[in-house]
Amino acid sequence: MENFEHQHNAPMTFEQVLESNKEKIYRISRVYAVAPLEPQDLFQEVVYQIWKSFSTFKGNSGIDTWVYKIALNVCQRSKLKLDKGKEKTVRLDSLQFVLAEVGPDKSQQERYKALHDCIATLNEADQSLLVLLLEGLPYKQIATITGLTENHVAVKMKRIRKLLFDCITPKLA
Amino acid sequence: MTEQELKEIWMSSSQAERIQVDLSKLVMELKNKLNHIEKVIRNRDIREIIAAFITIPMFAYFAYDIPFPITRVASILTIVWSVYVIYRFRKLQLSKKNEDLTLPFKAQLEHQKSNMMAQHRFLDTVLYWYAGPPFLLNVAFILGLGNPDIFGYSSGLKEHLPFDSGSKITLIVLLAAFYAFVVWLNKRAVKKTLNPLIADIQRIQDQLEEE
């Protein structure tokens, strides 16, 4: 298995993994959260699953790849409502989401909304691939996370890019 | 608009909120959440198999107390069926717990579909393992009740058993209605819940496969 990330000399603790991955988890949660579920709820669920599976992390793939797999799987399950009925009422007070003092300005927010809307027009599989592309991951890592071949990812990305630009260009013109 | 600009818009989306993590409290809260979820699952498991556990001592007593051979055999077979039902529930619950969210997306979808298909088989076939066998055994139990005077049967239980034809037919009709309702409920769950979920997973799998 490929290791795409920076090699750590010492194994990372759960706290370190969370600290270095929390923003990417939050970005993915924002795309997949569908009312009444909030991005914060999905974020908490991903953190919970990472913590629960942390002892099974063998380091075959990098920790980032491992976190992306869990985040994507949890978010996709949530979208399919596969966890309907599963107990999720325990809220984690130790995770707080505070509005940034200097957050994105109105123009940035509009640009993000346009991007978010365009992602929503894609089918579920394309959404998952696009999210990983926007995270700046190489095709090889996307292939490891999704279980597709690198060539297959490349072919699909060509089509997804076209769909995305066709959608977003008029919105941001 | 370039791809790099889109990536910048994307990356800046996490700046809308600051995520504050109280690490000293987090692990404790995660452990509490795990304990809470395990407790809920344990309670649900107990509820699901409790009926079968009640059935075993009850029919063991019937087999011991009631002298009519067919009723006695039906009681023993009902105990065997109850054990089988517990086994089926445990097997399904164990397979559900083996969810591995660290699998690649494609493998995870396959895993989810297998789980859903197992549940589909479980619910779609209740007539053959959950409703049909106990109904037939209940019918055998009722029809097997003979003349208590011939067998010298005088247990306190005698007052509660249907010995006349009218009571037997009424009870069999009520049982048939009850088991038919159980089958209908399960078929409905398959149609309304499982089939759409399996179709959704299949749709995403097809989307992934297409080029």
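No experiment lies behind these values; they were computed from the predicted model shown. (Residues numbered from 1 in each chain as written. Chains lettered and ligands numbered in written order. Predicted model: local features only at pLDDT ≥ 70, side-chain atom pairs only at ≥ 80, totals over all residues. Heavy atoms only, no water.)

Student: Explain the nonpolar core to me, please; I cannot follow it from the model alone.
Tutor: In this structure, A:Phe14, A:Ile50, A:Leu115, B:Trp10, B:Leu26 and B:Ile66 are the most contacted members of the largest nonpolar core, which totals 105 residues. When residues in this core are grouped by element, the largest group, eleven residues, is from helix α7 (residues 165–209) of chain B. When residues of this core are assigned to domains, at least three map to each of domain 1 (1–98) and domain 2 (101–173) of chain A. Setting aside anything within four residues of it in sequence, one finds A:Leu115 in contact with A:Leu134, A:Leu164, A:Ile168, B:Leu6, B:Ile9 and B:Trp10. (Core = buried A, V, L, I, M, F, W, Y, C linked by side-chain atoms within 4.5 Å. Buried < 20%, exposed > 50% of the residue type's maximum accessible area, 1.4 Å probe, protein only. Helix = DSSP H or I, 4+ residues; strand = E, 2+ residues; numbered from the N terminus. Domains from an automatic or database assignment. Contact = heavy atoms within 4.5 Å.)

Student: I'm lost on the environment of A:Ile50 in this one. Help?
Tutor: Residues and elements named next belong to chain A. Relative to the assigned elements, Ile50 resides in helix α2 (residues 39–53). On the basis of relative accessibility, which here comes to 3%, the residue Ile50 falls in the buried class. As for Ile50 and Val17, which are separated by 33 residues in sequence, their C-alpha atoms are 9.1 Å apart. The residues touching Ile50, leaving out its near neighbours within four places in the chain, are Phe14, Val17, Ile25, Trp66, Val67 and Ile70.

Student: How should I be thinking about the domain arrangement of chain A in this particular structure?
Tutor: When the parts of a complex come together, some accessible area is lost, and that lost area is often used as the size of the interface. Residue and element names in this part refer to chain A. Per the domain assignment, the segments making up chain A are domain 1 (1–98) and domain 2 (101–173). Contact residues are listed per partner, giving 16 residues for domain 1 and 14 residues for domain 2. Roughly 1400 Å² is buried in total at the junction of domain 1 and domain 2, and carbon and sulfur atoms are behind 65% of that figure. At the boundary of domain 1 with domain 2, the tally comes to one salt bridge. As a salt-bridge pair, Arg27 and Glu135 come within 2.7 Å of each other at their nearest N and O atoms. Between the two partners, domain 1 and domain 2, sit six residue pairs in polar contact (both at pLDDT 80 or more). Where the side of domain 1 that touches domain 2 is concerned, the elements lending two or more residues are α1 (14–32) and α3 (63–79). Of the residues in the side of domain 1 that touches domain 2, the class split is seven nonpolar, one polar and eight charged. (Buried area = accessible area lost by both parts, 1.4 Å probe. Salt bridge = Lys/Arg side-chain N within 4 Å of Asp/Glu carboxyl O. Polar contact = N/O pair within 3.5 Å; in protein donor to acceptor, adjacent residues only side chain to side chain. Nonpolar A, V, L, I, M, F, W, Y, C, P; charged D, E, K, R; others polar.)

Student: Is there a simple way to think about a nonpolar patch on the surface in this case?
Tutor: Residue and element names in this part refer to chain B. Among the surface-exposed residues, Ile46, Ile50, Ile54 and Met58 lie close enough to one another that they form a single nonpolar patch of about 360 Å² accessible area. Here Ile46 lies in helix α2 (residues 23–65). When its relative accessible area of 45% is taken as the criterion, Ile46 is described as partly exposed. (Patch = residues over 30% accessible without salt bridge, like charges linked within 9 Å, V, L, I, M, F, W, Y side chains within 5 Å. Areas by Shrake-Rupley, 256 points an atom, 1.4 Å probe, with all protein chains shown as cover.)

Student: What is the right way to look at the side chain of A:Ser128 in this model?
Tutor: Mapped onto the elements, A:Ser128 comes out in helix α5 (residues 124–134). For A:Ser128, a relative accessible area of 2% translates into the label buried. Once residues lying within four places of it in the same chain are set aside, the contact partners of A:Ser128 are A:Tyr32, A:Leu72 and B:Phe105.

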